[in-house]
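Understanding the architecture of this molecule
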Amino acid sequence: MEQINKKYKHHIFVCINERDSGDCCAKRNSTEILRILREHINNNGLVHEFNVTKTKCLGHCAEGPTIVIYPEGVFFKKVCVDDTKKIIDEFLTL
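None of these values were measured; they are calculated from a predicted model. Per chain, residues are indexed from 1 in the order of the written sequence. Per-residue local features are limited, in this predicted model, to residues with pLDDT of at least 70; the limit for side-chain atom pairs, both in listing and counting, is 80 or more; totals at the level of whole chains, interfaces and linings are taken over all residues. Computation of side-chain values: all heavy atoms of the structure, hydrogens and water removed.

1. A word on the state of the cysteines
The criterion for a disulfide is a pair of cysteine sulfur atoms lying within 2.5 Å. By the definition in use, this model includes 0 disulfides. Looking at the unpaired cysteine 24, the closest cysteine sulfur is the one in cysteine 25, lying at 7.0 Å. Summary of cysteine pairing: cysteine 61 is not part of a disulfide, and the nearest cysteine sulfur, belonging to cysteine 57, is at 3.5 Å.

2. A closer look at helix α2 (residues 84-91)
Among the residues making up α2, those that are buried are Thr84, Ile87, Ile88 and Phe91. Mapping the buried residues of α2 onto a view down its axis gives an arc of 100 degrees, with all of them on the same face. More than 90 degrees from the buried face of α2, the exposed residues found are Lys85 and Lys86. The contact criterion used is simple: two residues touch if any of their non-hydrogen atoms lie within 4.5 Å. Helix and strand definitions here come from DSSP, where helices need a minimum of 4 consecutive H or I residues and strands a minimum of 2 consecutive E residues; each element is numbered from the N-terminal end. Its buried side turned inward, α2 meets β1 (10-15), α1 (30-43), β2 (50-55), β3 (67-70) and β4 (74-76). Only protein chains enter the accessibility calculation, which uses a 1.4 Å probe. A residue is then buried if its area is under 20% of the maximum for its type, exposed if over 50%, and partly exposed in between. Comment: arc refers to directions from the helix axis out to C-beta atoms.

3. Focus on the sheet that holds β3
At least two bridges found by DSSP between two strands is the condition for calling them paired. The strand order across the open sheet built from 4 strands is β2-β1-β3-β4, with neighbouring strands paired in mixed fashion. Edge positions in the open sheet fall to β2 and β4, since each of these has one partner strand only. When strand polarity is set aside, the average angle formed by the axes of neighbouring strands in this sheet is 20 degrees. Strand direction decides the pairing type here: β1 and β2, joined by 6 bridges, are parallel. Across the sheet, the residue bridging to phenylalanine 13 is threonine 53, located in β2. Comment: axis = line fitted to C-alpha atoms, over the contacting stretch for helices; angle = value between 0 and 180 degrees taken between N-to-C directions. Lying over the sheet, α1 contacts β1 and β2, oriented at roughly 160 degrees with respect to β2. Across the sheet, α2 is in contact with β1, β2, β3 and β4; its angle to β1 comes to roughly 160 degrees.

Spelled out as structure tokens, the structure:
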């Protein structure tokens, strides 16, 4: 095993969990939120500064989509596509 010494300025996890019944983030455009955030990073040459990762359940299905941002450990629930600009401006800009 070899350790990689890389620390991102921010690492954002976007829940894309899909459930057959009941509420879930996937039913509320979480994959579109993930796409927009990743597209911003890729299109602006920021892949070595920031990371956006899809994840399964973050435990707030009824109030999703949910994202968590590290290193702060800040959770956001009820995130919508319109919120991506604020997330980009606050957390994904040098």
